[in-house]
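Fold and geometry: a report
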Amino acid sequence: MDFILLQKPISQKDFSQIYSLLTQSFPPEEFRGSEAQRANMNLPEFHTLVRRSAEDDILALLTYWELPGFRYVEHFAVAPALRSQGMGRQMLAFLQQKSQTPLLLEVEPPQTEIAARRIGFYERLGFVFN
């Protein structure tokens with residue numbers, strides 16, 4: 001299983017699986033409605049990196065904006081049944097190695113245990129909390 005940058009336009013099958021993973025992984029206020037999400041996914045500066053199963057299902061995704069001087073990671077999710085197995089770490093490390101510009105991402109303040117764990121995950125990969 002390799003990481004694949006999806007080609008545009010995003011197929012209906014891929015979009016359905018991506019949107020399902022977004023709804024399983026984020027609260028509603030942290031992702032767009034389906035039509036707005038689909039429109040963004042087909043913009044030239046928006047990219048979607050995925051890992052697929054042998055059956056061609058999307059197991060993990062990382063979306064980012066290619067902006068002048070940096071890449072902004074918007075969504076990063078692994079299928080719930082596959083979390084804590086290293087797939088997310090591998091995916092983010094892959095993007096870090098391939099990126100010629102800094103990667104930026106946003107996290108919530110470390111006010112809950114899950115937020116602190118998430119920040120620790122990113123720090124172990126070399127990110128700096130700002």
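Before reading further, recall that the structure is shown in the block above.
All of the points below concern the structure found in this document. (Residues numbered from 1 in each chain as written. Predicted model: local features only at pLDDT ≥ 70, side-chain atom pairs only at ≥ 80, totals over all residues. Heavy atoms only, no water.)

**Overview of the sheet that holds strand E2 (residues 46–52)**
Strands sit in the order E1-E2-E3-E4-E5 across an open sheet of five strands; the sheet is mixed. The sheet terminates laterally at strand E1 (3–5) and strand E5 (103–105), the two strands that pair on one side only. Averaged over neighbouring strand pairs, the angle between their axes works out to 30° when direction is ignored. Relative to strand E4 (residues 70–78), strand E3 (residues 58–67) runs antiparallel, the two sharing eight bridges. Following the sheet pairing, Glu66 is matched in E4 by Arg71. Sitting on the sheet, helix H1 (residues 12–25) touches E2, E3 and E4, and the angle it makes with E3 is about 90°. (Pairing = 2+ DSSP bridges. Helix = DSSP H or I, 4+ residues; strand = E, 2+ residues; numbered from the N terminus. Axes fitted to C-alpha atoms, helices over the stretch in contact; angles between N-to-C directions. Contact = heavy atoms within 4.5 Å.)

**Re the pairing of E2**
Of all seven residues in E2, seven are buried; the element is thus mostly enclosed. What you see with E2 is no split at all: Phe46, Thr48, Val50 and Arg52 on one side and His47, Leu49 and Arg51 on the other are buried throughout. Examined bridge by bridge, E1 and E2 share three bridges and lie antiparallel to one another. Along E2, the bridge assignment pairs Ile4 with Val50. Alignment of E2 against E3, held across seven bridges, turns out to be antiparallel. For Leu49, the partnering residue across the bridge sits in E3 and is Leu62. In this structure, the hairpin formed by E2 and E3 is closed by a connection of five residues, where Asp56 is found at a positive phi of approximately 80°. (Buried < 20%, exposed > 50% of the residue type's maximum accessible area, 1.4 Å probe, protein only.)

**Here we look at the environment of Glu55**
With respect to the secondary-structure elements, Glu55 resides in the loop between E2 and E3. Residue Glu55 is classed as exposed on the basis of its relative accessible area of 59%. With 26 residues separating them in the primary sequence, Glu55 and Ala81 have C-alpha atoms 16 Å apart.

What is shown is where atoms sit, not what they do.
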